[in-house]
Every structure is written in structure tokens, then in C-alpha cells.
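What the coordinates show
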Amino acid sequence: MAGPIPLHNWKISKLYSIVAVFVLSYLFYLLGVWQHDGAATPGLGATTTCILPRNTTTPKGQSSTRTPLDFTSHHSADERGATTFPDETIKKYPSCSIKYSEYTPCEDPKMSLKFSRDRLIYRERHCPEKNQVLKCRIPAPYGYKNPFKWPVSRDLVWYANVPHKELTVEKAVQNWIRYEDDRFRFPGGGTMFPRGADAYIDDIGKLINLKNGSIRTAIDTGCGVASWGAYLLSRDILPVSFAPRDTHEAQVQFALERGVPALIGIMASKRLPYPSRAFDMAHCSRCLIPWGQYDGLYLIEVDRILRPGGYWILSGPPIRWRKHWKGWQRSREDLNAEQTQIENVTKSLCWKKLVEKDDLAIWQKPTNHLHCKKVRKNYLPLCPAQDPDKAWYTNLETCLTPLPNVSNNQEVAGGELEKWPRRLNAVPPRISLGTISGVTAESFQRDSKLWKRRLSYYKTVNNQLGRLGRYRNLLDMNAFLGGFAASLIEDPVWVMNVVPVEAKINTLGVIYERGLIGTYQSWCEAMSTYPRTYDLIHADSVFTLYKDGCEMEDILLEMDRILRPEGSLIIRDDVDILVKVKRIADGLNWDSQIVDHENGPLEREKLLFAVKLYWTAPASANQQGSETS
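The shown structure was predicted, so the numbers you read here are calculated from the model rather than taken from an experiment.

**Some details on the nonpolar core**
In terms of nonpolar packing, the biggest core is built from 130 residues, with Met-281, Trp-291, Trp-312, Tyr-458, Leu-475 and Met-559 touching the most fellow members. Sequence-distant contacts of Tyr-458, defined by excluding residues within four places in its chain, comprise Trp-451, Leu-465, Phe-484, His-538, Ile-570, Arg-572, Leu-607 and Phe-609. Counting 10 residues, the second-largest nonpolar core is a separate cluster that includes Val-162, Ile-177, Phe-184 and Phe-186.

In C-alpha cells form, the structure reads like this:
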């Protein structure tokens, strides 16, 4: 009979067994990961082609023959129709009627007739019920072409893209817009700047400093075709322009075709969809907003979104009414009463009137409310405790939004911002003061580095991201701290940064403190913009955010509505979610591929790159006749 096994031999044997089990477990783990990313994932092997990095070779050393997506824009103006897919199991989304070519679901003129005319409430957002949401693809008008590249697009827009000549007649003497053959030309004129927007901005620059970087973000209320915003961009000032969808056809659509940031919007009964202390400058040039009426309700809202020390600029009625009253076809008494109303409201807001010269008047918001709180006579009451950044279907109130507390009169409420361009990468005051839950200066800086690395990776897949002029209008559907937009700051693009109202943390104020722009939005509803607004859409974890909230199909149909033909998409999400997205994308006639995470194949998060293929509505009988004649 054998004797007992020595203790040291037993330990060595057990150690070998543990190592063997570990090695086998790791091998089976790698096999499982390979199967999950490929054949073992339901539907992935059948419907998804992964893009290999361009420097990848096959196992035999030969170059890969996989075909990458074509992100270039190279269609001719007469291309139409769509590629058909052989897979009958994919739900196909038909084309909507051509009457929906400019459909804006939440600003539908027909639906608006059901609502009150008081304070123009009928022009606010009124979205369709769930059973009224369209399940079809919005067509581009026949002959649609890719917009001119920036900065040429500032002055030229294809007629086929926005086929409306009404403004060329209505605003002919004001030098807004001219029709020339197959395009519109925008000379830069406006109702209150007959010498052009550039000269008008020069006049403003003589009264306040537009060159030292202290003014970066601006809002233009009632923007027309956004010439003021268009010419601010060349001065490194980033505007948001808005106007209602009204009888002036396609004002905001013209702005977007020109490559100028704009949204459909109106000042009526709800707060504007921006955080408090967002803009360095607000502007109204004959914007027809009744500033002195309703107890100053609309100026109170401008005060909420203006940064401490920010400026409000007004030109047009009633400014300089003694000279213009006859041309405005209003009585002197009426205009004098309107200006008196405005002056009284601005005083109640604790604003200081800096100057009134020629056709311009400029007021400045105080840097804090310390003095206003001490001397409450003639000032508006402070609003009770509330969230000043809450601005999604939030009612306007006739009270003053209090600024954050300060210890002395020289201190800037909420923290002083760096001048542009240092503002972009400096730690925003909302973060440094600890008002954004879970975000620190260190995590902010890590996020900035992360997005620089991610953008570099994006460019290896979509090489058009590195080509100047390919993209102009960009949308980030879940922007967080604005890292994606910040990483593109050297390119001639602008990014509308959306912070979903369902997000756990409201970070839109941080985005504005970086000198970027954005808006609130629920992706369970349509965005306040026209079809074909954006050249590129970026969506980071959007479908995870809404997986229990609203239909994936409806979000993707909205993305299709607001994306231009031959526009691009980048969608980041869990691989199982992206497989479902891919199937709907195929039904929308997008050319799409799923690729690995920038950290490699072991990450569950993947990326879907896609291109919306070019197609338009068919030619009408008149258009066919003109082609053959």
C-alpha cells in the first residue's frame, strides 16, 4: 500500500489544477465573446457588416475587401428613387406624400388652429397624439441638392431646396433675399439694417466690445432669415436664432440652409428651451415682440436666459420713434407709450440702460442682485424657490429669477467666465462650484480628453469628418458636457447640443458656460425644426435612455426627418440595441454598418455608422414639362 502524499507535493498538484482551470475558463470566455460579437448574436451575422479599420489585413496578409460606407456627397440633381432590400423580414417605411415635405409635427399650422390666439399660444409647440404620428419617410422636394459649402452658403441657397418666393416679394425693398435663376441670394440686409448686417454689427461694436472674447453666445429673437446671426459667426460669436412658423414662409428653413444655427420658436406662454444665464447677448431687430405688455413677461424671460452682465439690444419700434413714426404708420403717442413701458420694465429688472444712439438701444443686466435685494422699491418681486434651468413646457412667470448669492457687489453671480476661446476648456463655474451632481473638475477634464480620442477614431471610419465643407449643421442628441462639439471646434461646423429632459443630470448650463449652444428636447417628441436640418447626427446612448420611454421606431423616423439626403449618422449604444437599430435603419433605406468600440471588440458598446441615401419626391407634371421643353 502506498504511503501518504507529502504535503508539498499535494500543494503543487493543487496549484497546477487551479492554473489549468483558469486557462480553460479564459479560453472559453474568449470564444464566447467571439460568438457574441459575431455568429452567436441573433440577427447580427445576417444583417450586420462590421467595418474593419483601414489598416487591417486578412489572416493571409491580403488587404481586406470589405466595402466601407460611402460618406461622400456625389449625387446629381436628377437622382431619385431608393434601393430595394431583398430581406422581406425587414419592415419597409414608405415615402410620405409630397405635401409633408416641410412637415414640422409639433408646429403644424393645421393643428395650431385648435389653440388659443391669446398671446400667440397657437404658435407654440403642440405635438400630435401617439396615434397621429406619421410612420413614413418625409420626402425632399424634387431636384433637392446638397447646400452650398460654408461660407458660400451664407449668401446662396438652392431654390429647389426651399421653393418659396414669397419673401422675395414681401421684403424686396429691405434687401433680405433675391431670387436669381435656380438659387436665392442673401445680400445681408434687414428691416433695420439697410446697409447690411455687417455694417449694423459694426455699429453695435462701437457701443459694446465684440472683440475681446467676453461675448461668445447670442440669441436673436424673431430672427427673420438670420442675417444678424450669419454675420456674427465670422466674429467668433455663436448665435441661436429663432422665429415662429408663420405666414413668412420658411424663415427658419432659410437660416438652416444658409448654415446658421436656428430653431422654430416663439415667446408666448412658456419659457424658451434654454437654461438660465445662457447668453452673453440678446437681440431684437423689429422682432414684433410686445416687450412692454403682459407686465413685462417677455423681458423677464430674456432676463432669465441672459448671463450676469449680459446685454439686450433693441432696434426698430419704438427706438428713435421721433424720427420714424410716420414711416411706421403709428402715432407719436402710441410709440412714446410703448417706449415708456419698456423703460419701466427694464428698471424693474434692475437693468442699466447703457446707450441709445441712432436706431440702437442697449441695456445691461447687473452682475449680481445684491443691490436690487437691498433696494426693492420699484423692482419686480423675486421668484420663490424654483429651478431656474427648468425650461421644457414651463410656464412664464411675472417675477424676477434670482441670481446665485454673492458676498460682495464686485462678485459675479454664479461665477465669472473666462473669455473666449479659453472658456471652452476652462472648468465651467457650475462644475467648479459643485452645482452639477456627480461632475467634478477632474471628471470634466477626463471627458474632454475622451472626446478628442473618440473623434479621432470616428475619422478613421468616416474620413469625410476630416474634410472641410462636407458637414456644416451637426446635432448631438445626448450631449452631456458638450465634449463632442468641443472636439470639433477647429472645424467650420456648429453643433446643436441637446440635453434630453429625461437625462438624470441637467448639464445644458455647463454647455453654455463653455461657449457652446444647445437646447432641451424630449426625443419622445419631434424637434422644433424643419426637415433636412442637419448634415450629421450623433447619438450617444440615446436608445438606452429611452428604452422604457418611447418607441425606437419613432425616434429613428424623427432622425430621418431632420437629416439631409446623404447626411451621416453616428450612433453609440449597447450591441443588442444597435442590432435592433440596424434593422430599422435598413427599412429606412440607410446604408449602415456596426463597428467596434474605439477600445476594441471586448466592449459591449458598439457604434453604428450610417448614411441616409439620396432620394426625393417624384417630379410634378409641371416640373416634368419644364424639363422636356
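**Thoughts on the sheet that holds strand E5 (residues 238-243)**
With mixed pairing, the seven strands of this open sheet are ordered in space as E6-E5-E4-E7-E8-E10-E9. In the strand order of this sheet, the two ends are held by strand E6 (262-264) and strand E9 (352-357), each with one partner. Neighbour-to-neighbour, the strand axes of this sheet turn through a mean angle of 20 degrees, independent of strand direction. Where helix H8 (residues 297-305) meets the sheet, its contacts fall on strand E4 (217-221), strand E7 (279-285) and strand E8 (306-315), and the angle it forms with E8 comes to roughly 140 degrees. Sheet strands in contact with helix H10 (residues 332-348) are E8, E9 and strand E10 (360-364), and its direction is about 150 degrees off that of E9.

**So, the sheet that holds strand E2 (residues 178-180)**
Pairing in this open sheet of three strands is antiparallel, and the strands run E1-E3-E2 from one edge to the other. In this open sheet, the two edge strands, each paired with only one partner strand, are strand E1 (156-158) and E2. Geometrically, the sheet is characterised by an average inter-axis angle of 30 degrees between neighbouring strands, direction not taken into account. Of the pairings in the sheet, the one linking E2 to strand E3 (residues 183-185) comprises three bridges and is antiparallel in character. The residue of E3 that forms the bridge with Glu-180 is Arg-183.

**Let's talk about the state of the cysteines**
Under the criterion given, the structure shown has six disulfides. Across the disulfide, Cys-524 is cross-linked to Cys-550 (sulfur-sulfur distance 2.4 Å). Disulfide Cys-524-Cys-550: the torsion about the S-S bond is -85 degrees, which places it as left-handed. Here Cys-524 is found in the loop between strand E13 (517-521) and strand E14 (534-540), whereas its partner Cys-550 is found in the loop between helix H16 (542-545) and helix H17 (552-562), with 26 residues between them in sequence. Residue classification places Cys-524 among the partly exposed positions, given a relative accessible area of 39%.

**Observations regarding the packing of aromatic side chains**
The description of an aromatic ring pair rests on the distance of the ring centres and on the angle between the ring planes. Following the criterion strictly, the structure yields 19 aromatic pairs and no others. Ring centres of Trp-451 and Phe-484 lie 6.2 Å apart, and the angle between their planes is 75 degrees; on these two criteria the pair is classed as edge-to-face. Of this pair, Trp-451 sits in helix H13 (residues 441-461) while Phe-484 sits in helix H14 (residues 483-487); the two residues are 33 residues apart in sequence, bridging distant segments of the chain. Neither Trp-451 nor Phe-484 differs from the other in exposure class; each is buried. Look at Tyr-458 and Phe-609: their rings are 5.9 Å apart centre to centre, the planes differ by 85 degrees, and that puts the pair in the edge-to-face class. Taken together, the positions of Tyr-458 in helix H13 and Phe-609 in strand E17 (residues 605-612) put the pair 151 residues apart, joining distant regions of the chain. With relative accessibility at 0%, the residue Tyr-458 sits in the buried group. An aromatic cluster is present here, built from Tyr-159, Tyr-179, Phe-184, Phe-186 and Phe-254 joined pairwise through their rings. One residue, Lys-145, lies across the ring of Trp-158, its end atom 3.9 Å from the ring centre.

**Quick look at the side chain of Arg-277**
Position of Arg-277 among the secondary structure elements: in the loop between E6 and E7. Put simply, Arg-277 is tucked away with no salt bridge, and the nearest opposite charge, on Glu-513, sits 4.0 Å away. Once you skip the residues sitting within four places of it in the chain, Arg-277 turns out to touch Arg-304, Ile-305, Leu-306, Arg-307, Pro-308, Leu-403, Pro-404, Ala-413, Gly-414, Arg-430 and Glu-513.

**Examining the pairing of strand E12 (residues 494-500)**
Of all the seven residues making up E12, seven are buried; the element is thus mostly covered by neighbouring parts of the structure. Bridge count for strand E11 (residues 473-476) against E12 is four bridges, and the pairing is parallel. Residue pairing across strands places Leu-474 opposite Val-495, the latter belonging to E12. For E12 and E13, the ladder comprises five bridges, and the chain directions are parallel. By the bridge assignment for E13, Asn-497 is matched with Gly-518.

**A look at H10**
Given 3.6 residues to a turn, an α-helix orients residues that are three or four positions apart in the same direction. Here H10 is 17 residues long and its end C-alpha atoms lie 24 Å apart, about the 24 Å a rise of 1.5 Å per residue gives. Residues of H10 that are buried in the fold lie against H8, E8, helix H9 (321-324), E9 and E10. Downstream of H10 by one or two residues, Cys-350 has phi in the positive range, about 75 degrees.

**Quick look at unusual backbone geometry**
Most of the time, phi is negative for any residue but glycine, and the peptide bond is trans. That bond from Pro-317 to Pro-318 is cis: its omega, 5 degrees, falls within 30 degrees of zero. Among the secondary structure elements, Pro-318 is positioned in the loop between E8 and H9. Put simply, Trp-420 and Pro-421 share a cis peptide bond, and its omega is 10 degrees. One can find Pro-421 in the loop between helix H11 (370-374) and helix H12 (429-432).

**A closer look at the pattern of salt bridges**
In this structure the tally under the stated criterion is 37 salt bridges. A salt bridge links Glu-525 to Arg-125; its shortest N-O distance comes to 2.8 Å. Of the two residues, Glu-525 sits in the loop between E13 and E14 while Arg-125 sits in the loop between helix H3 (109-112) and E1, which places them 400 residues apart along the sequence. Exposure remark for Glu-525: the relative accessible area of 25% places this residue in the partly exposed category. Residue classification places Arg-125 among the buried residues on the basis of a relative accessible area of 16%. Taken together, the shared-partner salt bridges in this structure form one network comprising Arg-454, Asp-540, Arg-572, Glu-598 and Glu-605.

Rules of the game
- Residues numbered from 1 in each chain as written.
- Predicted model: local features only at pLDDT ≥ 70, side-chain atom pairs only at ≥ 80, totals over all residues.
- Heavy atoms only, no water.
- Core = buried A, V, L, I, M, F, W, Y, C linked by side-chain atoms within 4.5 Å.
- Buried < 20%, exposed > 50% of the residue type's maximum accessible area, 1.4 Å probe, protein only.
- Contact = heavy atoms within 4.5 Å.
- Pairing = 2+ DSSP bridges.
- Helix = DSSP H or I, 4+ residues; strand = E, 2+ residues; numbered from the N terminus.
- Axes fitted to C-alpha atoms, helices over the stretch in contact; angles between N-to-C directions.
- Disulfide = S-S within 2.5 Å.
- Phe/Tyr/Trp six-rings, centres within 6.5 Å; stacked < 30°, edge-to-face > 60°.
- Lys NZ or Arg CZ within 6 Å of the ring centre and 35° of its normal.
- Lys, Arg positive; Asp, Glu negative; His and termini not counted.
- Salt bridge = Lys/Arg side-chain N within 4 Å of Asp/Glu carboxyl O.
- Expected span 1.5 Å × (residues − 1).

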